[in-house]
Amino acid sequence: MGAVAVLRLIMPSPHPNPPPPSAGEGVTLLIGLAGWSGAGKTTLLTRLIPALTARGITVSTVKHAHHAFDVDRPGKDSHTHREAGARQVLVASANRWALMTELRGTPEPPLRDLLAHLAPVGLVVVEGFKRDSHPKIEVHRAANAKPWLHPDGPAIAAVASDVPPPDGKLPHAHLDDIARIADLVLAHAAPLDAFLRG
């Protein structure tokens with residue numbers, strides 16, 4: 001199983017009092033982007049976040065990474081603290097703070113545990129974790145020559161791809177139609193609390 005980090009970046013919101021993602025609810029919603037490596041999940045997410053924030057929705061993300069990833073750099077004090085054996089290192093500045101946790105051989109935390117670390121926002125988008133049960137939008141690129149995740153993935157609620165899905169049963173948006181994908185995200189996101197309760 002790959003390594004996971006929870007890195008929380010705190011930055012001032014461009015919308016001081018954003019409306020909740022669904023009128024009157026005021027709950028944090030959860031959606032995932034799932035697909036094979038090379039499908040364009042990160043590229044899509046970097047286009048999707050501004051579209052959602054333009055609608056007044058605050059967004060946080062969780063990204064599943066490979067074993068060797070590191071957000072720190074050798075030679076930095078925080079890296080030195082970790083190398084010396086610190087279990088957690090919190091780095092703070094006037095612009096952001098980040099908490100790094102070293103697992104040191106303990107099992108990788110499940111997605112539910114990681115999500116519980118996030119502050120309340122309008123929407124949490126999870127990139128990866130394709131086998132977890134939260135609702136997802138499949139990201140598919142034909143040139144990637146990989147099989148579709150659905151219909152075998154029961155939590156896949158919609159598709160964003162450069163070709164129509166073969167069965168045509170799920171809502172679909174082209175990878176370049178960011179406004180339509182944002183609509184699909186908001187239509188299929190589920191309350192985070194319900195996922196955390198399991």
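It should be noted that the structure appears before, not after, this text.
Residues numbered from 1 in each chain as written. Predicted model: local features only at pLDDT ≥ 70, side-chain atom pairs only at ≥ 80, totals over all residues. Heavy atoms only, no water.

Chemist: Honestly, the pairing of strand 6 (residues 136–140) in this entry has me stumped. Any pointers?
Modeler: One face of the sheet, then the other: side chains in a regular strand alternate in exactly this way. Within strand 6, 5 of the 5 residues are buried, leaving the element largely enclosed by the surrounding structure. Alternating residues of strand 6 divide into Lys136, Glu138 and His140 and Ile137 and Val139, and every residue in both groups is buried. In the sheet, strand 1 (residues 29–34) pairs with strand 6 via 3 bridges, with the strands oriented parallel. Its bridge partner lying in strand 6, Leu33 is registered against Ile137. (Buried < 20%, exposed > 50% of the residue type's maximum accessible area, 1.4 Å probe, protein only. Helix = DSSP H or I, 4+ residues; strand = E, 2+ residues; numbered from the N terminus. Pairing = 2+ DSSP bridges.)

Chemist: Quick question: what am I supposed to make of the side chain of Lys41 here?
Modeler: Of note, Lys41 is situated in helix 1 (residues 41–54). At a separation of 3.0 Å, a polar atom in the side chain of Lys41 contacts the main-chain carbonyl oxygen of Gly35. Leaving out residues up to four positions away in the same chain, Lys41 has contacts with Leu33, Ala34, Gly35, Trp36, Glu127 and Val139. (Polar contact = N/O pair within 3.5 Å; in protein donor to acceptor, adjacent residues only side chain to side chain. Contact = heavy atoms within 4.5 Å.)

Chemist: Looking at this model, I keep getting lost on the packing of aromatic side chains. Mind explaining?
Modeler: Two numbers describe a pair of aromatic rings. These are the distance of the centres and the angle of the planes. Evaluated as defined, the whole model comprises 0 aromatic pairs. Arg112 extends its terminal NZ or CZ atom over the ring of Phe195, reaching a point 4.1 Å from the ring centre. The ring of Trp36 carries the charged tip of Lys146 above its face, separated from the ring centre by 5.7 Å. (Phe/Tyr/Trp six-rings, centres within 6.5 Å; stacked < 30°, edge-to-face > 60°. Lys NZ or Arg CZ within 6 Å of the ring centre and 35° of its normal.)

Chemist: Even after reading the chapter, I still don't get the side chain of His140, so can you show me in this structure?
Modeler: Within the secondary structure, His140 is located in strand 6. When neighbours within four sequence positions are excluded, His140 is seen to be in contact with Ala39, Lys146, Pro147, Trp148, Ala160, Ser161, Asp162, Val163 and Leu175.

Chemist: Could you clarify how one ought to interpret helix 1 in this entry?
Modeler: Quick reminder: α-helices carry 3.6 residues per turn. Residues three or four places apart thus point the same way. In this model helix 1 runs 20 Å from its N-terminal to its C-terminal C-alpha over 14 residues, within 8% of the 20 Å that 1.5 Å per residue would give. Lys41, Leu44, Leu45, Leu48 and Leu52 are the residues of helix 1 that are buried. Where helix 1 is buried, its residues meet strand 1, strand 2 (59–63), strand 5 (123–127), strand 6, strand 7 (156–161) and helix 4 (178–188). Of the residues flanking the end of helix 1, it is Gly56, one or two places downstream, whose phi is positive at about 85 degrees. (Expected span 1.5 Å × (residues − 1).)

Chemist: So what exactly am I meant to see when it comes to the pattern of salt bridges here?
Modeler: Pairs can form between side chains of opposite charge whenever their charged atoms are close. Taken as a whole and assessed by the stated rule, the structure comprises 6 salt bridges. Close ionic contact of Arg55 with Asp183 constitutes a salt bridge, the shortest N to O distance being 2.8 Å. Here Asp183 lies in helix 4 and Arg55 lies in the loop between helix 1 and strand 2, a separation of 128 residues in the sequence. A relative accessible area of 34% places Arg55 in the partly exposed class. We note a salt bridge from Glu102 to Arg82, for which the minimum N-O separation is 2.5 Å. Of this pair, Glu102 sits in the loop between strand 4 (97–101) and helix 3 (111–115) while Arg82 sits in helix 2 (residues 77–83), placing them 20 residues apart in sequence. (Salt bridge = Lys/Arg side-chain N within 4 Å of Asp/Glu carboxyl O.)

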